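# Observations on the three-dimensional arrangement
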Amino acid sequence: SAVISQKPSRDICQRGTSLTIQCQVDSQVTMMFWYRQQPGQSLTLIATANQGSEATYESGFVIDKFPISRPNLTFSTLTVSNMSPEDSSIYLCSVGRTPSTDTQYFGPGTRLTVL
Amino acid sequence: GEDVEQSLFLSVREGDSSVINCTYTDSSSTYLYWYKQEPGAGLQLLTYIFSNMDMKQDQRLTVLLNKKDKHLSLRIADTQTGDSAIYFCAESGIGGATNKLIFGTGTLLAVQP
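The rules behind the values
- Residues numbered from 1 in each chain as written.
- Chains lettered and ligands numbered in written order.
- Predicted model: local features only at pLDDT ≥ 70, side-chain atom pairs only at ≥ 80, totals over all residues.
- Heavy atoms only, no water.
- Pairing = 2+ DSSP bridges.
- Helix = DSSP H or I, 4+ residues; strand = E, 2+ residues; numbered from the N terminus.
- Axes fitted to C-alpha atoms, helices over the stretch in contact; angles between N-to-C directions.
- Phe/Tyr/Trp six-rings, centres within 6.5 Å; stacked < 30°, edge-to-face > 60°.
- Buried < 20%, exposed > 50% of the residue type's maximum accessible area, 1.4 Å probe, protein only.
- Lys NZ or Arg CZ within 6 Å of the ring centre and 35° of its normal.
- Contact = heavy atoms within 4.5 Å.
- Buried area = accessible area lost by both parts, 1.4 Å probe.
- Salt bridge = Lys/Arg side-chain N within 4 Å of Asp/Glu carboxyl O.
- Polar contact = N/O pair within 3.5 Å; in protein donor to acceptor, adjacent residues only side chain to side chain.
- Nonpolar A, V, L, I, M, F, W, Y, C, P; charged D, E, K, R; others polar.
- Patch = residues over 30% accessible without salt bridge, like charges linked within 9 Å, V, L, I, M, F, W, Y side chains within 5 Å.
- Areas by Shrake-Rupley, 256 points an atom, 1.4 Å probe, with all protein chains shown as cover.
- Disulfide = S-S within 2.5 Å.

### Side note on the sheet that holds strand β3 (residues 19–25) of chain A
Residue and element names in this part refer to chain A. Spatial strand order, β1-β3-β8-β7: four strands in an open sheet with antiparallel pairing. Every other strand in the sheet has two partners, leaving β1 (4–7) and β7 (68–72) as the edge strands with one partner each. Each strand axis lies, on average, 15° off the axis of its neighbour in the sheet, ignoring direction.

### Quick word on the packing of aromatic side chains
In this structure the tally under the stated criterion is 13 aromatic pairs over all chains. Here the aromatic rings of Y35 of chain B and F103 of chain B are separated by 5.6 Å at their centres, their planes lie at 50°, and the arrangement is tilted. You can see Y35 of chain B sitting in strand β4 (residues 31–37) and its partner F103 of chain B sitting in strand β10 (residues 102–103), a full 68 residues away along the chain. For the pair Y35 of chain B and F103 of chain B, one class covers both residues: buried. Connected via pairs of aromatic rings, a cluster forms that spans Y35 and F106 of chain A together with Y31, Y33, Y35, Y48, F50, F88 and F103 of chain B. Over the face of the ring belonging to Y48 of chain B we find K56 of chain B, whose NZ or CZ atom lies 4.2 Å from the ring centre.

### Things to note about the sheet that holds strand β7 (residues 61–66) of chain B
Residue and element names in this part refer to chain B. Spatial strand order, β1-β3-β8-β7-β6: five strands in an open sheet with antiparallel pairing. The open sheet has two free edges, formed respectively by β1 (4–6) and β6 (55–58), since each of these has just one partner strand. Each strand axis lies, on average, 15° off the axis of its neighbour in the sheet, ignoring direction. As defined by bridge partners, strand β3 (residues 18–24) adjoins strand β8 (residues 71–76) across six bridges and the pair is classed as antiparallel. For C22, the partnering residue across the bridge sits in β8 and is L72.

### Remarks on the interface of chain B and chain A
Listed by partner, the interface residues are 21 residues for chain B and 21 residues for chain A. Both faces considered, chain B and chain A share a buried interface measuring about 1600 Å² in area, 50% of it formed by carbon and sulfur atoms. Here chain B is connected to chain A by zero salt bridges. Here chain B and chain A share four residue pairs in polar contact (both at pLDDT 80 or more) between them. Secondary structure elements with two or more residues in the side of chain B that touches chain A: β4 and β5 (43–50) of chain B. Classifying every residue of the side of chain B that touches chain A gives ten nonpolar, ten polar and one charged.

### Some thoughts on a nonpolar patch on the surface
On the surface, L8, F9 and L108 of chain B cluster together into a nonpolar patch covering about 330 Å² of accessible area. Summarising the element assignment, L8 of chain B is placed in the loop between β1 and β2 (9–13).

### Observations regarding the pairing of β1 of chain A
Residues and elements named next belong to chain A. Across the two faces of β1 the burial differs, with I4 and Q6 buried and S5 and K7 not buried at all. Taken together, the four bridges between β1 and β3 define a ladder with antiparallel strand orientation. Across the sheet, residue Q6 finds its bridge partner in β3, namely C23.

### Considerations on the state of the cysteines
All names here are of chain A. For the structure on display, the rule yields two disulfides over all chains. At a sulfur-sulfur separation of 2.0 Å, the disulfide partner of C23 is C93. Its S-S torsion of approximately 70° makes the covalent link between C23 and C93 right-handed. On the criterion of sequence distance, the pair formed by C23 in strand β3 and C93 in strand β9 (residues 89–96) is long-range, its members being 70 residues apart. Comparing C23 with C93 shows no difference in burial state: the two are buried. Looking at the unpaired C13, the closest cysteine sulfur is the one in C93, lying at 17 Å.

None of this, on its own, says anything about what the molecule does.
Structural data, given as C-alpha cells:
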C-alpha cells in the first residue's frame, strides 16, 4: 500500500475564489489520479496526473477549471478555479503503483464547501 | 456502457453476515474492487479480485464473482458495528484503459447492536 496525505483536509471558500489541494505520497508512484465525490454520490474521475506532461482529463472536466500539476513522482496538486456552490464536494487523490497494477490507494480527501 | 449498480442500503444485526451486491455492464474489466468509506474519511481498499477468479477469501471477507451474470458480491462474516460504512465496488481495465476505475453507487451498511 501507500501512505497518502492531502492538504487541506477541509476548507470553506467564497464563490469566485480558487483553492489548491495538495497530495503527497510517501514513495514514488507512476500513476496519480484526482477524483470528485459530490454530496451523497459516488466517485468520479477528474483526471490522471502525468509526471512531466499535461494531465489527462475525463469527459466533462477541463484544464481551465481544474488545473493539475505533477512536478515529481511523489506530489501533485489540483486547483479548483472560480468556484461556485456546485463545486462543493470531497476531492480525493489516489495512486496506482505501476501501469500494470490497477489497484488504487486513496488519500483521506479534502472536503470543500463553497458559499 | 460503464454502469456499476449497487443497492443503496443494507441493515444487519451485529454478529450476522452481510452480503453487499454489485452489478456491472462492461465485461472487459480486469479487476474488481471493494472499497470502504467511513463517515468523513477517504476510501480504504478492502479487497480485490482478478476477473478470471470466481472467489476470493480474506479473513472475514469473501468476494464472489459471476462473470456470466456480471455480478460481484462481498460477504462480511460476523458483522461488527465497526463495519458500518459505505461500501463501493469498482471495476478497472475497462476497454483496455488500465488504471481507470469506475465506481458503483455505494451501499450504506448499518450494523445494529
